[in-house]
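Here is what each chain is made of, one letter per residue.
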Amino acid sequence: MFRTHSSDRTMDLGLAEDHFSRPVGSFVASDIEQLKMAIEECKKLILELPEHSERQKDTVVKLIHLRLKLQELKDPEEDEPNLRILLEHRFSKEKSKSVKQTCDKCSTIIWGLIQTWYTCTGCYYRCHSKCMNLITKPCVRSKVSHQSEYELSICPEIGLDRQDYRCAECRTPISLRGVPSEARQCDYTGQYYCSTCHWNDTAIIPARVIHNWEFEPRKVCRSSLRYLALMMSRPVLKLKEINPLLFNFVEELVEIRKLRQDILLMKPYFITCKEAMEARLLLQLQDRQHFVENDDMYSLQDLIDISSGRLSCSLTEIHTTFAKHIKLDCERCQAKGFVCELCKEGDILFPFDSHTSVCHDCSAVFHRDCYYDNSTTCPRCARMTERKQDEVSDVKDA
């Protein structure tokens with residue numbers, strides 16, 4: 001008899017109109033208490049009903065609705081602005097009703113159906129509207145804009161004592177024993193954080209890639225996770241200065257460097273070629289704009305793609321397309337080729353051909369076997385020098 005009465009009461013509470021329509025005026029404590037009682041009875045009923053039965057499924061759905069209604073009573077919806085600016089964050093009001101988001105401030109679920117929430121358009125920080133005034137961390141994108149560089153020491157730990165046994169971000173008391181709160185280390189900064197600021201997310205650490213060519217994701221705090229995500233495609237790593245020995249041990253890096261050097265040699269052909277400009281050939285590298293500007297700066301994403309082999313495949317394909325345009329498809333570009341003035345034999349030469357050498361002074365192109373890195377006198381340089389001397393003599397005679 002008790003179970004039947006309990007079931008009927010739970011179903012009534014779950015379907016009663018006064019629980020699911022928006023009441024007028026403020027809520028009283030009895031409304032919340034009544035919902036809490038209904039939730040507890042729903043829980044008991046779910047355990048008592050047969051597994052996977054239709055009635056049990058219906059009761060679970062009613063339990064969800066009751067919990068959402070209870071949350072609405074505790075946190076009534078208010079009119080909120082669409083854009084809010086705080087600590088350089090630009091928070092935009094979200095319209096999504098997804099319930100799979102988590103608040104970056106309080107670490108609890110964002111119930112999109114009944115709660116107002118915001119996302120920073122710069123660093124993608126998500127939080128409840130009610131948590132916004134509790135935020136103490138500035139937008140990570142401002143750090144990316146003003147200080148576009150990585151921490152290049154591997155896990156530069158300073159110790160919990162130097163942090164005064166407090167979270168490096170929110171200053172909550174922490175310890176390695178988990179009392180009062182667990183201390184979690186960020187492998188990027190080397191500092192310790194509380195469980196609210198460090199969710200055990202993982203990311204590839206730039207310092208480990210550059211020094212060890214290691215790509216295993218490590219645990220990082222939330223702010224480091226966002227910073228690394230925003231920095232991922234920024235070409236801020238000059239490998240030949242940070243770790244030049246890396247090129248001796250990673251063959252793929254040498255291959256990519258050669259392809260990039262060739263593309264830089266092809267660039268002058270394209271910017272003076274009408275057909276290439278119309279075909280927008282250089283836009284094939286729009287996601288890696290630095291590849292058409294220099295050959296020594298890398299982004300972390302570049303290094304990840306080099307390690308996986310993806311970059312080698314895509315860049316080789318682009319290199320082939322570029323070379324085909326210059327050497328086969330375009331008569332204007334072909335006309336800018338060179339004949340080896342030392343042997344005067346063979347096909348038209350281009351500076352990006354693998355069997356050629358280029359004069360560093362005048363950029364003339366020769367067969368590699370004919371021209372040994374300036375050990376042979378460049379005929380073009382000799383002509384230019386002779387012409388300058390003749391001009392000087394003419395001026396003196398005049």
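What counts, and at which threshold
Residues numbered from 1 in each chain as written. Predicted model: local features only at pLDDT ≥ 70, side-chain atom pairs only at ≥ 80, totals over all residues. Heavy atoms only, no water. Helix = DSSP H or I, 4+ residues; strand = E, 2+ residues; numbered from the N terminus. Buried < 20%, exposed > 50% of the residue type's maximum accessible area, 1.4 Å probe, protein only. Contact = heavy atoms within 4.5 Å. Areas by Shrake-Rupley, 256 points an atom, 1.4 Å probe, with all protein chains shown as cover. Salt bridge = Lys/Arg side-chain N within 4 Å of Asp/Glu carboxyl O. Axes fitted to C-alpha atoms, helices over the stretch in contact; angles between N-to-C directions. Parallel < 35°, antiparallel > 145°, perpendicular 65-115°, else oblique. Left-handed = near helix turned anticlockwise from the far one by under 90°. Nonpolar A, V, L, I, M, F, W, Y, C, P; charged D, E, K, R; others polar. Disulfide = S-S within 2.5 Å. Polar contact = N/O pair within 3.5 Å; in protein donor to acceptor, adjacent residues only side chain to side chain. Pairing = 2+ DSSP bridges. Core = buried A, V, L, I, M, F, W, Y, C linked by side-chain atoms within 4.5 Å.

It is worth spelling out the overall build of the protein chain at this point. From N to C terminus, the protein chain includes 15 helices and 12 strands. Split into buried and exposed, the 398 residues of the protein chain put 39% on the buried side. Long-range pairs, those at least 24 residues apart, make up 58% of the contacts in the protein chain between residues at least 6 apart in sequence. Carbon and sulfur atoms provide 50% of the accessible area of the protein chain, an area that totals close to 23,300 Å².

Below, the discussion takes up the pattern of salt bridges. If the charged atoms of two oppositely charged side chains come close together, the side chains can form a pair. Summed over the entire model, instances satisfying the criterion amount to 20 salt bridges. Where K240 meets D296, a salt bridge forms, and the shortest distance between an N and an O atom there is 3.6 Å. Taken together, the positions of K240 in helix α8 (residues 239-242) and D296 in the loop between α11 (274-279) and β10 (297-298) put the pair 56 residues apart, joining distant regions of the chain. Across the pair D302 and R288 runs a salt bridge, and its minimum N-O distance is 2.5 Å. Of this pair, D302 sits in helix α12 (residues 300-308) while R288 sits in the loop between α11 and β10, placing them 14 residues apart in sequence. Considered together, D302 and R288 belong to a single accessibility category, that of buried residues.

Now for the packing of helix α10 (residues 251-271) against helix α13 (residues 310-329). Running from N to C, α10 and α13 cross one another at 30°; their axes reach a closest spacing of 10 Å. One element, α10, and the other, α13, form an angle in the roughly parallel class. The crossing of α10 and α13 is left-handed. Residues E255, I256, L259, R260, D262, I263, M266, Y269 and F270 of α10 lie in contact with α13, whose contacting residues are L311, S312, L315, T316, H319, F322, A323, H325 and I326. Partitioning the contact of α10 with α13 into residue classes produces 11 nonpolar, 4 polar and 3 charged.

Summed over the entire model, instances satisfying the criterion amount to 0 disulfides. C103 forms no disulfide, and the closest cysteine sulfur to it belongs to C106, at a distance of 3.6 Å. C362 carries a free sulfur, and the closest cysteine sulfur to it, the one in C378, is 3.6 Å from it. On the basis of relative accessible area, C362 is assigned to the buried category, the value being 11%.

Examined against the element boundaries, Q163 turns out to sit in the loop between α5 (140-146) and β5 (184-185). With a relative accessible area of 4%, Q163 lands in the buried category. From its side chain, Q163 meets the backbone oxygen of R166 in a polar contact 3.0 Å long. For Q163, the contacting residues outside a window of four places in its chain are I158, A168, R171, Q191 and Y192.

Turning our attention to unusual backbone geometry. In this structure, L87 takes a positive phi of about 50° despite not being glycine. Its relative accessible area of 37% is what places L87 among the partly exposed residues. The backbone of K344 shows a phi angle near 55°, a positive value even though the residue is not glycine. Structurally, K344 is set in the loop between α14 (331-334) and β11 (356-358).

Time to look at the pairing of strand β3 (residues 117-120). Alternating positions in β3 separate into two faces, W117 and T119 on one and Y118 and C120 on the other, with burial throughout. Pairing of strand β2 (residues 89-93) with β3 involves 3 bridges; the strand directions are antiparallel. Residue pairing in the sheet places F91 in a bridge with C120 of β3. When β3 meets strand β4 (residues 126-128), the two strands line up antiparallel, connected through 3 bridges. Considered in β4, the bridge of T119 is made with R126. Adjacent in sequence and paired antiparallel, β3 and β4 are bridged by 5 residues, among which Y124 carries a positive phi angle near 65°.

Taken as a class, soluble globular proteins show a tendency for nonpolar side chains to be buried jointly. Core analysis: the biggest nonpolar cluster contains 72 residues, and L239, L253 and L303 have the highest contact counts within it. The element best represented in this core is α10, accounting for 7 residues. What L239 contacts, discounting residues up to four positions off in sequence, is I210, P244, L246, F247, L253, D296, Y298 and L303.

The 4 strands lie next to each other as β1-β2-β3-β4, forming an open sheet whose pairing is antiparallel. Either end of the sheet is taken by a strand with one partner, and the two such strands are β1 (83-86) and β4. The average undirected angle you get between the axes of adjacent strands in this sheet is 30°. Relative to β2, β1 is paired through 4 bridges, and the arrangement is antiparallel. When the sheet's bridge partners are listed, L83 is paired in β2 with S92.

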